[in-house]
Amino acid sequence: MGQAEQLANIKNRIAAACAKAGRTSDSVQLLAVSKTFPLGDILEFHACGQPAFGENYLQEALDKITQLADHPNAQQKAPPIEWHFIGPIQSNKTKPIAENFPWVHSVDRLKVAQRLSDQRPAHLPPLNVLVQINTSGENSKSGIEPEQAQALCVAISSMKNLTLRGLMTIPSNTDNNEKLKAELLKCKSIFDDLNAQGLNMDTLSMGMSADLELAIECGSTCVRVGSALFGARN
């Protein structure tokens, strides 16, 4: 199956899930998770109309961004490739993230947020930030505890070089749909509560290849899809 067909299948899944939830299909953004796959694969999906790509590993992402600079034709189409950093952030790696990405999905500490703001180059627009919430309670997962989300979001909203766009979560890796739904709805509830307090967020990043329908049912506005687009990773 070619890239165009793979992309169409995912968009059809998103559209069907939106229709079932009584939402318009344009209310959910597709983020293609391209970690471990080469720039050539990204360019093929981009040529099919996919603009946004998520990367988990910083050095790999920076290598692709550098390679892309050698392929200027890839950026002449509208819209250009939009890079999202979605992996865990070490505080000593914030500078290249602040310098190279328009979006970050995985901010979970005040120190990291402050460094991203301080290190964002003056010639670039504010960095779009999502706060990662640990809704599963698993120690192995990144993300701030739900009870601490408000303080971090309020702090980020006042940082001059960051724009708080919303929240992200990675729920438990389980086939138990009731457990998954409860964790997704917990993030949606925090999102709604913070917006009711005037934070004006517009992005709720929830759902991946296996659970995007459930995530859309629970209010996701951005699904992060990797294997269903690119295939199995080595």
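Coordinates for the structure precede this section.
Caption draft 1: Structural context of the overall build of the protein. Summing up its helical and strand segments, the protein has nine helices and eight strands in all. Projected onto its principal axes, the C-alpha coordinates of the protein cover approximately 45 × 45 × 30 Å. Per-residue burial for the protein yields a buried fraction of 49% across its 234 residues. In the protein, the proportion of contacts linking residues at least 24 apart, taken out of those at least 6 apart, comes to 61%. Carbon and sulfur atoms form 49% of the exposed surface of the protein, whose accessible area is close to 11000 Å². Between the averaged position of the 22 positive side-chain charges in the protein and that of its 24 negative side-chain charges there is a distance of 3 Å.

Caption draft 2: Geometry of the pairing of strand β5 (residues 127-133). Buried residues dominate β5, accounting for seven of its seven residues. Where burial is concerned, the two faces of β5 agree: the one with Leu127, Val129, Val131 and Ile133 and the one with Asn128, Leu130 and Gln132 are both buried. The pairing of strand β4 (residues 103-107) with β5 spans three bridges and is classified as parallel. Following the sheet pairing, valine 104 is matched in β5 by valine 129. This β-α-β element, β4 to helix α5 (residues 110-119) to β5, shows right-handed connectivity. At this point the chain moves from β5, through helix α6 (residues 149-157), to the parallel strand β6 (residues 162-169), and the crossover so formed is right-handed.

Parameters and conventions
Residues numbered from 1 in each chain as written. Predicted model: local features only at pLDDT ≥ 70, side-chain atom pairs only at ≥ 80, totals over all residues. Heavy atoms only, no water. Helix = DSSP H or I, 4+ residues; strand = E, 2+ residues; numbered from the N terminus. Buried < 20%, exposed > 50% of the residue type's maximum accessible area, 1.4 Å probe, protein only. Contact = heavy atoms within 4.5 Å. Areas by Shrake-Rupley, 256 points an atom, 1.4 Å probe, with all protein chains shown as cover. Lys, Arg positive; Asp, Glu negative; His and termini not counted. Charge placed at Lys NZ, Arg CZ, Asp CG, Glu CD. Pairing = 2+ DSSP bridges. Right-handed = clockwise from strand over helix to strand, strands pointing away.

Just distances and angles here, no functional claims.
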